[in-house]
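Below, each chain spelled out in residue letters.
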Amino acid sequence: MEKFDVIIIGGGPAGLVASKILVAFGKKTAIVERAKLGGDCTHSGCVPSKTLLKSAKVVYDAKNISKYGLTSNELNIDTSSVLSHVRAVVDEIYAHETPEIFEKAGVSIIEGEAFFKSKSEIQVNDKIYTASKFIIATGAAAAIPDIKGLKEVSYLTNENVFLQKSIPSSMIVIGTGAIGIEMATAFNRLGTKVTLLSRSKGILKDSDEELSSILLEQLKKEGIEFLNNCNFEEVFEIQNEKSITLKREGKEQIITANELLIATGRAPNVNLGLENAAVKYDKNGVKVDAYLQTSNKNIYAMGDVSTKYKFTHIAEQEAIVAASNIGLPINKKMSYEHIGWCVYSDPELAQIGLTPKEADSQYGDEVKTYKLEYKNSDRGYTDMDKIGMIKISVLNSGKIIGASILGSRAGELIHQLQLAKTFDISFDKLSKMVYLYPTYADIIKQPAKKFYINKLLNNKVLKFLKAAKGFLTGAKS
Ligand SMILES: Cc1cc2nc3c(=O)[nH]c(=O)nc-3n(C[C@H](O)[C@H](O)[C@H](O)COP(=O)(O)OP(=O)(O)OC[C@H]3O[C@@H](n4cnc5c(N)ncnc54)[C@H](O)[C@@H]3O)c2cc1C
């Protein structure tokens, strides 16, 4: 029986990051991976989706050159190799995280599916391995909704959508979270007739409602058909055509397309004999405390299998915390105070901290949300990118507690506010920086200046001096 200091189950972003840290701490470390190192992020998540979105953007821009004062006699775009391009990019990124590279760095890679046999042993294939500590980093898979007939139909999820041979001519997308919105955007731009179905009223339920509504209008303008408040009754397939019967506003409707993509959330991968290891879990995943320890204190869990926030950057941050807690004598809590995310739609929608609505309900009069539309940015004009808005929620003290950005480069831009928020840089200080012109970043300067002026106007000493000056001038005259 081979023994390690630490065995990590799952070689996605969380597992890979933790393994490097543990090796640096001198721990004899192994990763067990049943598929390919890199996990969902590299093979069926972030990387292929962002690559496809980029190709789709190029098509969209090419079709809209008149916006930039250009004309073209002929535009003949062939998308037949776009999915091979996506897979080639995945391979390029995977080339940096192969088993050979990790073995060379000192991490043992065990290929196969891990299953706990006891509190301190796992089985992989027909071998038993033991370790002083384990980390569960098995990620999540597409959550499949309970719709009559769905099991009998060949549908797509993130696992096979990028493996298709060609871009389908029509597609039903169920789900309006980040994955559904990104995939609807990309396939629609690449020529697929997309029908986006939602059980709820709008899209991206965790985002600012005003911004997600602007984004939805843009998606509709581009040709995506959006049906909200749907009750899904039944799914069926006839000659490779998939149909869904749904009820909306009391009326029954049947939608048919070549493909059906399920994007209704993520379900944690918990099927690895956790009961044998006394590790508690439920439908939301493995239960962990603030130190990322499970109910078995020698077993940690991190990433999509246990966290509420299913993003690569959160998985990686949790990996740093879990690995440090194993490697160092001092235990550190995982903090979610400064998290955020971005939906890579076009325009992008990025969020850090609280949305304006959450800020209002938590802080009332103590908070004010500063807004500015992208059409106030000169760069928005030069680039013909005027759709969007920035919203920054700031406490009277100057502390930034949340920001939402819809617009070009929102995912990059939000880091300026994330920096200020994380390191407690008062919002007015951002007005004192020199912003380069013309950049999207300078859209933050105007709200910051407004806050600075409000701060000056409310400054008690200045108010007193102003009143005193008024009194003295009055006394003189
Ligand atoms: C379409 C899509 C787009 C996304 N886009 C983004 C994005 O733009 N930005 C972002 O931050 N996040 C994005 N995500 C989310 C991101 O992919 C995940 O948050 C991230 O991959 C989680 O990392 P992880 O290491 O926890 O799990 P995973 O990446 O899922 O890795 C888990 C690994 O464990 C392995 N495994 C599972 N069970 C076992 C077992 N019993 N034995 C051995 N191995 C096992 C799996 O094979 C897998 O390799 C996206 C997700 C999807 C689906």
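Above this text sits the structure in question.
For clarity, every value in this text was computed on a predicted model and none was experimentally measured. Here the residue numbering is sequential within each chain, running from 1 through the sequence in written order. Whole-chain, interface and lining totals are the exception, using all residues; otherwise, since this is a predicted model, local features are given only for residues with pLDDT of at least 70 and side-chain atom pairs are given and counted only at 80 or more. Calculation of side-chain values draws on the structure's entire complement of heavy atoms; hydrogens and water are dropped beforehand.

Peer 1: Please provide a residue-by-residue account of the side chain of Asn 228, values included.
Peer 2: In DSSP terms, a helix is any run of H or I states spanning at least four residues, a strand is any run of E spanning at least two, and both are numbered starting from the N terminus. Inspection of the secondary structure puts Asn 228 in the loop between β10 (225-227) and β11 (231-238). Look at Asn 228 and you get buried, because its relative accessible area is 16%. Residue contacts are defined here by distance: any two heavy atoms, one from each residue, within 4.5 Å place the two residues in contact. Non-local contacts of Asn 228, meaning those with residues more than four positions away in its chain, are made with Ser 198, Ser 200, Lys 201 and Arg 248. Exposure classes here rest on a 1.4 Å probe applied to the protein chains alone. A residue is buried below 20% of its type maximum, exposed above 50%, and partly exposed in between.

Peer 1: Break down the nonpolar core for me, with residues and values.
Peer 2: Nonpolar core, defined: a set of buried Ala, Val, Leu, Ile, Met, Phe, Trp, Tyr and Cys residues in which side-chain atoms within 4.5 Å join the residues together. Residues Leu 52, Val 161, Ile 181, Phe 187, Ile 203 and Leu 215 are the most contacted members of the largest nonpolar core, which totals 34 residues. Contributing elements (two or more residues each) for this core: α3 (46-63), α4 (82-94), β8 (170-174), α6 (178-189), β9 (193-197) and α7 (209-221). Considering each element in turn, this core owes the most residues, five residues, to α6. Ignoring sequence-local partners within four residues, the contact set of Leu 215 consists of Ile 181, Ile 203, Leu 204, Ser 345, Asp 346, Pro 347, Leu 349 and Leu 406. In terms of nonpolar packing, the next biggest core, distinct from the first, is built from 26 residues, Ile 8, Met 302, Val 321 and Ile 326 among them.

Peer 1: Please set out the packing of aromatic side chains residue by residue, giving values where relevant.
Peer 2: A pair of aromatic rings is counted whenever rings of Phe, Tyr or Trp (Trp by its six-membered ring) have centres within 6.5 Å, and the orientation is called stacked for planes under 30 degrees apart, edge-to-face for over 60 and tilted otherwise. Scanning the model with the defined rule gives eight aromatic pairs in all. Ring geometry for Tyr 309 against Tyr 336: centres 5.4 Å apart, planes inclined by 40°, an arrangement best described as tilted. Separated by 27 residues along the polypeptide, Tyr 309 in the loop between β18 (299-301) and α8 (312-327) and Tyr 336 in the loop between α8 and β19 (340-343) bring together distant segments of the chain. Every member of this aromatic cluster is reached through a ring pair, and the members are Tyr 370, Phe 427 and Phe 451. Geometrically, a lysine NZ or arginine CZ counts as sitting over a ring once it is within 6 Å of the ring centre and also within 35 degrees of the ring normal. The ring centre of Phe 4 lies 4.8 Å from the NZ or CZ of Lys 28, which sits over that ring. If you follow Lys 36 out to its NZ or CZ, it ends over the ring of Tyr 94, 4.8 Å from the centre.

Peer 1: So what's going on with the sheet that holds β9? Which residues, and what values?
Peer 2: Between any two strands, at least two bridges found by DSSP are needed for them to pair. Read from one edge to the other, the open sheet built from four strands follows the order β10-β9-β8-β14, with strand pairing classed as parallel. Taken across any chain shown, the strands that pair with only one partner, and hence form the sheet edges, are β10 and β14 (259-262). Strand after strand, the sheet turns through a mean of 20° between neighbouring axes, direction not considered. In this sheet, β14 lies alongside β8 in parallel orientation, the contact comprising four bridges. Its bridge partner being in β14, Met 171 is matched across the sheet by Glu 259. Most of the contacts of α6 go to β9, to which it runs at about 165°, and overall it touches β8, β9 and β14. Each axis is a line fitted through C-alpha atoms, and for a helix only the stretch in contact is used; angles between axes span 0 to 180 degrees, taken between their N-to-C directions.

Peer 1: Pulling in residues and values, what's your account of the site of the ligand?
Peer 2: Contacts to the ligand come from 37 residues, most closely from Glu 33, Lys 50, Ala 114, Asp 304 and Thr 312. Polar contact is defined as a pair of N or O atoms within 3.5 Å, subject to the rule that within protein one atom must be able to donate a hydrogen and the other to accept it, and that residues adjacent in sequence are counted only when both atoms are side-chain atoms. Contacts to the ligand include Cys 41, whose backbone N or O atom sits 3.4 Å from an oxygen atom. For the ligand, an oxygen atom lies 2.7 Å from a polar atom in the side chain of Lys 50. For the ligand, whose accessible area on its own is 1,000 Å², the fraction buried by protein is 94%. At the level of secondary structure, the elements contributing two or more residues to the shell around the ligand comprise α1 (13-24), β2 (29-33), α2 (39-44), α3 and α8. It is α2 that contributes the most residues to the shell around the ligand, four residues altogether. Classifying every residue of the shell around the ligand gives 14 nonpolar, 14 polar and nine charged. Only heavy atoms are used to decide nearness, and a residue is near a molecule or strand if one of them lies within 4 Å of it. The protein chains shown are the only cover counted for residues, whose accessible areas, like all others here, come from Shrake-Rupley with a 1.4 Å probe. Ten residues, namely Ala, Val, Leu, Ile, Met, Phe, Trp, Tyr, Cys and Pro, are considered nonpolar, four, namely Asp, Glu, Lys and Arg, are considered charged, and the remaining ones, Gly among them, are considered polar.

Peer 1: Explain helix α12 (residues 445-457) to me, and be specific about the residues and the numbers.
Peer 2: To estimate how far a helix should extend, the number of its residues minus one is multiplied by 1.5 Å. Compared with the 18 Å implied by 1.5 Å per residue over 13 residues, the 18 Å span of α12 between its first and last C-alpha is a close match. Every buried residue of α12 is listed here: Pro 447, Ala 448 and Phe 451. Along the long axis of α12, the arc covered by the buried residues comes to 100°, so they all point the same way. Set apart from the buried face of α12 by more than 90 degrees, the exposed residues are Lys 450 and Leu 457. Against the buried residues of α12 lie β21 (367-373) and β22 (389-395). An arc is given here, and it is the one of the directions from the helix axis to the C-beta atoms.

Peer 1: Can you lay out the environment of Phe 311 for me, pointing to particular residues and giving the numbers?
Peer 2: Residue placement: Phe 311 occurs in the loop between β18 and α8. In the structure, Phe 311 is positioned 31 residues away from Cys 342 in sequence and 9.6 Å away in space, judged by C-alpha atoms. Look past the residues within four positions of Phe 311 in its chain and what remains in contact with it is Asp 304 and Trp 341.

Peer 1: Which residues make up the pairing of strand β12 (residues 241-248), and what values go with them?
Peer 2: Counting buried positions over the eight residues of β12 gives six, a clear majority of the element. One ladder, built from seven bridges, connects β11 with β12; its direction is antiparallel. Bridge pairing in β12 links Val 235 to Ile 244. Taken together, β11 and the strand that follows it, β12, pair antiparallel across an intervening segment of two residues, in which Gln 239 is found at a positive phi of about 45°. Looking at chain direction, β12 and strand β13 (residues 251-257) are connected through seven bridges and run antiparallel. In the strand pairing of β13, Arg 248 is matched with Lys 251.

Peer 1: Which residues make up the pairing of β19, and what are the values?
Peer 2: Burial of the side chains of β19 extends over both faces: Gly 340 and Cys 342 are buried on one face and Trp 341 and Val 343 on the other. The pairing of β19 with strand β20 (residues 348-353) spans four bridges and is classified as antiparallel. Along β20, the bridge assignment pairs Val 343 with Leu 349.

Peer 1: Go over the sheet that holds β13, please, and point to the residues and values.
Peer 2: The strands making up a sheet associate through hydrogen bonds between their backbones, and the pairing can be parallel or antiparallel. Taken in spatial order, the three strands line up as β11-β12-β13 in an open sheet, and their pairing is antiparallel. The open sheet is flanked by β11 and β13, the only strands paired with a single partner. Adjacent strand axes in the sheet meet at a mean angle of 20° when their direction is disregarded.

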